[in-house]
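# Structural description and commentary
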Amino acid sequence: MNRQSLIIDCDPGVDDAVGLMLAFGAAELELLAVTAVGGNVPVEKTARNARMLRQIAGREDVPVFAGADRPLRREPAGAGEFHGAEGLGDLTPFEPDAPCADGNAADAIVDLVMARPERSVAIVVMGPMTNLALALRKKPGLAGRLGPVAAMGGARAEGGNITASAEFNIWADPEAAAEVLASGCQVVLFGLDATHQVRATDERIAALEVIGTAKARTAASMMRFSQRIEREIVGWDAPPVHDPCPVAWLLKPELFELAACHIRVETESELTRGHTAVEFRREVAGTLPHGWAVTADADGVFRLIGEKCA
């Protein structure tokens, strides 16, 4: 088996938790590290949450590094109303047995990528792109060494989920996203246009619950929490499950349709802060260096989560 070397950068977060459980259970992935960033909740909680999820999944072999506690230029923002005060919904927090690894997330990203063959290490970003932007600042040649950067973020046709036109991960640190997209990294964005197609219906959650493993129970409980919160706040019956999408794409790219594009991020206007301007026309953009997820096979994504959490 040819295993994909992978770093997951995240801010757990209930849907981050589902994405981590998917990755923890996938033998096809050589999971080099999990790096935590402040986002949905502060970094001291996201780093703890990543270690909690690692312990639940029985993957203490994977180091967890704490990273940036604030955006590059902005005040920290949070989304606790959608993830719970501690970030993991109804899961009671506990202090994991294993601590964070020594060092910080940006240095870990640089060291892990530079120590391996060119383009062999992928990064999945499930939160603000602050850690990756800092890593690129530390090592300008990093962009040419990285494999694909598969990130959950952005919105186009669907509109935003934090403002009228912006998705939370990009909005939380738009400068970081702008730097990563301009760096030359091979970025594929899984924005709301695709992730809103991947919804946790009662039937899909129930199918995960009956599997009965710790990974499956944890992923299902995150979806149940999201279902309750989305019904209360948004009025949707089935919540979108965003963050597993880039992991699912690495495992089964045929589950998604991608379009070549050029993406820029609004950093100046407060009205449209974090808006992702996705341009598909080569005659306008000049080059189309990025990928944009257009469609998602939701049934296939949930089957994959079930298989890897079994």
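Below or above, wherever it landed, is the structure these notes cover. Since this is a predicted model, take the numbers as computed values, not measurements. (Residues numbered from 1 in each chain as written. Predicted model: local features only at pLDDT ≥ 70, side-chain atom pairs only at ≥ 80, totals over all residues. Heavy atoms only, no water.)

## Points about the pattern of salt bridges
Counted only if it meets this: Between Lys or Arg on one side and Asp or Glu on the other, a salt bridge is scored when a side-chain nitrogen of the former is within 4 Å of a carboxyl oxygen of the latter. Secondary structure is summarised from DSSP: a helix means a run of H or I of at least four residues, a strand means a run of E of at least two, and numbering begins at the N terminus for each. Type-normalised accessible area, obtained with a 1.4 Å probe on protein chains alone, sets the label of each residue: buried when under 20%, exposed when over 50%, and partly exposed for intermediate values.
By the definition in use, this model includes 18 salt bridges. Arg 224 is the partner of Glu 209 in a salt bridge, and the nearest nitrogen-oxygen pair spans 2.9 Å. Of this pair, Glu 209 sits in helix H10 (residues 202-209) while Arg 224 sits in helix H11 (residues 214-233), placing them 15 residues apart in sequence. Judged by its relative accessible area of 35%, Glu 209 is partly exposed. Assessed through its relative accessible area of 27%, Arg 224 is described here as partly exposed. A single network of salt bridges, built from pairs that share partners, joins Asp 202, Glu 209, Arg 224, Arg 231 and Asp 237.

## Remarks on the layout of surface pockets
Short version of the rule: Residues are said to line a cavity or pocket when one of their atoms sits within 4 Å of a point; the points come from a 1 Å grid over protein atoms alone, cavities being sets where a 1.4 Å probe fits but cannot get out and pockets being open sets with protein on both sides within 12 Å along at least five of seven lines. Grid points are joined across faces, edges and corners, and a volume is the space filled by probe spheres set on the points.
Volume-wise, the largest pocket comes out at about 500 Å³. Lining the largest pocket are 33 residues, and of these Phe 82, His 83, Asn 161, Glu 230 and His 242 lie nearest its centre. Where the lining of the largest pocket is concerned, the elements lending two or more residues are helix H1 (14-24), helix H3 (80-83), helix H7 (168-172) and H11.

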